[in-house]
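Here is how the chains run, residue by residue.
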Amino acid sequence: MNTQSSNNIDLKNIRSVFKIALRYWYVFIISGIVSTGIGLAYYVTTKPLLQFMANIIIKENDSSMSSRSAAMLRSLPFGNFSSGGANTYDEIEILNSFTTYREVVKQLKLNTTYVENGFLKDKYLYKNSPIEIKSEIDIADTLQHSLLFKVKLSANECNVKVYKIGLFNKLIGQTILKATQGSVSTLYGKFTLSLTPFFDPKEEYTIKATLCNYDIAAELLQKEVEIELASKKANLINLAIKEHDTKKGKDILNTIISVYDQRKLNKKRENANNTIKFLNGRLDLIYIELSELEKKIESYKEKNNITDIEAEIKAIFSNSGTFQKQLLEVENQHAVIQFTEDFIANPQNKYSLIPLNIGISDSKAVEGLQQYNDALLARMKLLKNTNENNPTLEVGNEQIEAMRNNLLNTIKGLKKGQEITRNKLLEQKERNETRLKKIPVQEREYADIKRQQYLKQELYLYLLQKKEENTMELSETTLNTQIIDSAYFSYKPLSPRLMYVLVFIVFMTCILSIVYITIKELYIKNKS
């Protein structure tokens, strides 16, 4: 009985509410009209927020064993556990680095924004502002406070006020220009105002321009851009940003890719230049030694009346061709290792990059040299933004010094191993040269000089080849980055969405009607 009685009461309450709603039907219509007006005004005046995307792929070197292994792993069913490659994640960090965004800000002048005041909404101007504001000297690197320029512009007059943005904006400069361009002086220097092709003399403009530090603009941009690995089985990197202006969104993503490519190309050329500089020094020394050996051979021939001994010496060398090739390789490696040790041990090269492309065959030593160069590059980057007394820099210097000592020990151990191998080959050489006992002393001495000349010539040609390889690398402009999709955007906006606006209209209609009816009913009840 109690349950049935409760159900009857609920039914009566619902009928009572329904009757009240019918009695105030006009309230729902009026609320609906008001809500629809608000919703449509928002939908019409709000500029669509679009999703911009771009895709690039990091190509792997097919000759790399690790690259082939990684590709094979990704093709297996369990390849998802090893998404991408270590190199791809490194490239993502470079793309998403603060230095990259700072350069994008400088190129696109994103630290300066222009907004035109409108009747219902403000209009953000990107590369279509009727006026451009520039400082006579570039202060965006050192500007500590953002500046606000309020400009009222017409065909005959330009009224400019400059504020320092803070808790309370402070006026720091103002002027009225009778001409449509001129300059305004502030505490931060003089700023020039000039018209652009987008200026219409028939129009009057009220514009707010904001100028901030490159670092601030780069930090804000870094938060807006999303960079991630698009696929677990490919080195595809996706870049995305949400932006209202179609041109600005595309420019940002395309410029990020362009700046990234240029940074990679600059680093590649820097490494090649350092290697060429190192090789040039060694080639000059070997050239001098070769010249001295040629003079020594000429003098020796004249002193001992030697005319034609090459045929006999060639016969001896041809019988030990394999041995000579091994000895030559060991000598080359020993010379290159010695050059590298001298370069590292020289105090003047304490913080200089070590050339890598000079032919060291030991992979562990090359890996150590690469890690040392990476640490030096990190120190150079930190040194650009701080002073030498920075504790972080001092810790980095200590780490670099420890790496340098370990690297010297590794190089010395490698050199010792080469010396042992060379000594064994020289012992074999001495056994082979016992066949020359019947040759006159002059001929043996001549053969020794010719051997020295031959080794120096081979080393000279070897280093010359390495120089040519690095020169070709210097002239190359191809990178391991391929643009799959340049910046594009989805035509379906992220906001405002019509469905959300309709839900808002229905919700507001109900809320406004319920509030009005409730207040009205309470008023009638209290009055009675």
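Scroll up to find the structure.
Bear in mind that the values here come from a model prediction, so they are computed numbers and not experimental data.

Q: So what exactly am I meant to see when it comes to helix α2 (residues 25–45) here?
A: Helical periodicity: at 3.6 residues per turn, an α-helix aligns residues three or four positions apart in one direction. For α2, with 21 residues, the first-to-last C-alpha span of 30 Å sits near the 30 Å given by 1.5 Å per residue. Taken together, the buried positions of α2 are Val27, Ser31, Gly32, Ser35 and Gly39. Each buried residue of α2 lies within a common arc of 125 degrees when the element is viewed along its axis, so the set occupies one face. In α2, the exposed residues that point more than 90 degrees away from the buried face are Ile30, Ile33 and Val44. Against the buried residues of α2 lie α13 (498–527).

Q: Explanation requested: the pattern of salt bridges in the structure shown.
A: Applying the stated criterion across every chain, the model contains 10 salt bridges. In this structure, glutamate 331 and arginine 422 form a salt bridge, with 4.0 Å as the shortest nitrogen-oxygen distance. Highlighted residues: glutamate 331 in helix α9 (residues 321–345) and arginine 422 in helix α11 (residues 391–432), separated in sequence by 91 residues. The shortest N-O distance in the salt bridge between lysine 466 and glutamate 469 comes to 3.7 Å. One end of the pair, lysine 466, and the other, glutamate 469, are both in helix α12 (residues 441–475), 3 residues apart, so they sit about a helical turn from each other. One salt-bridge network, held together by shared partners, links Arg102, Asp141 and Asp215.

Q: Help me out: how do you make sense of the layout of surface pockets in this one?
A: A probe matching the size of a water molecule, rolled over the atoms, marks out where space remains unfilled. Taken as a whole, the second largest pocket encloses approximately 1300 Å³ of empty space. In this structure, the second largest pocket is lined by 47 residues; those nearest its centre are Lys109, Leu110, Thr112, Thr113 and Tyr114. Within the residue set of the lining of the second largest pocket, elements represented by two or more residues are α5 (98–108), β2 (112–116), β3 (123–125), β4 (131–135), β10 (205–211), α6 (214–224) and α7 (246–304). A per-class count over the lining of the second largest pocket returns 21 nonpolar, 12 polar and 14 charged.

Q: What should I look at first to understand the packing of α2 against α13 in this one?
A: Two quantities define a packed helix pair, namely the angle between the helix axes and the distance between the axes. Taken N-terminus to C-terminus, the directions of α2 and α13 make an angle of 145 degrees; their axes are 8 Å apart at the nearest point. Of the two elements, α2 crosses α13, and the hand of that crossing is right-handed. Across from Val27, Phe28, Ser31, Gly32, Ser35, Thr36, Ile38, Gly39, Tyr42 and Tyr43 in α2, the residues of α13 making contact are Leu498, Val501, Phe504, Ile505, Met508, Thr509, Leu512, Ser513, Tyr516 and Ile517. For the contact of α2 with α13, the class distribution of residues is 13 nonpolar, 7 polar and no charged.

Q: So what exactly am I meant to see when it comes to the sheet that holds strand β9 (residues 189–195) here?
A: Across a sheet, paired strands are connected by hydrogen bonds in the backbone, their directions being either parallel or antiparallel. If you trace the 3 strands from one edge of the open sheet to the other, you get β4-β9-β8, paired in antiparallel fashion. Bordering the open sheet on either side are β4 and β8 (182–186), each of which pairs with just one other strand. Within this sheet the neighbouring strands show an average axis-to-axis angle of 25 degrees, counted without direction. Of the pairings in the sheet, the one linking β8 to β9 comprises 5 bridges and is antiparallel in character. Within β9, the position partnered with glycine 182 by the bridge is leucine 193.

Calculation criteria
Residues numbered from 1 in each chain as written. Predicted model: local features only at pLDDT ≥ 70, side-chain atom pairs only at ≥ 80, totals over all residues. Heavy atoms only, no water. Helix = DSSP H or I, 4+ residues; strand = E, 2+ residues; numbered from the N terminus. Expected span 1.5 Å × (residues − 1). Buried < 20%, exposed > 50% of the residue type's maximum accessible area, 1.4 Å probe, protein only. Arc of directions from axis to C-beta. Contact = heavy atoms within 4.5 Å. Salt bridge = Lys/Arg side-chain N within 4 Å of Asp/Glu carboxyl O. 1 Å grid on protein atoms, 1.4 Å probe; cavity = no way out; pocket = protein on both sides within 12 Å on 5 of 7 lines; lining within 4 Å. Points joined across faces, edges and corners; volume = space filled by probe spheres on them. Nonpolar A, V, L, I, M, F, W, Y, C, P; charged D, E, K, R; others polar. Axes fitted to C-alpha atoms, helices over the stretch in contact; angles between N-to-C directions. Left-handed = near helix turned anticlockwise from the far one by under 90°. Pairing = 2+ DSSP bridges.

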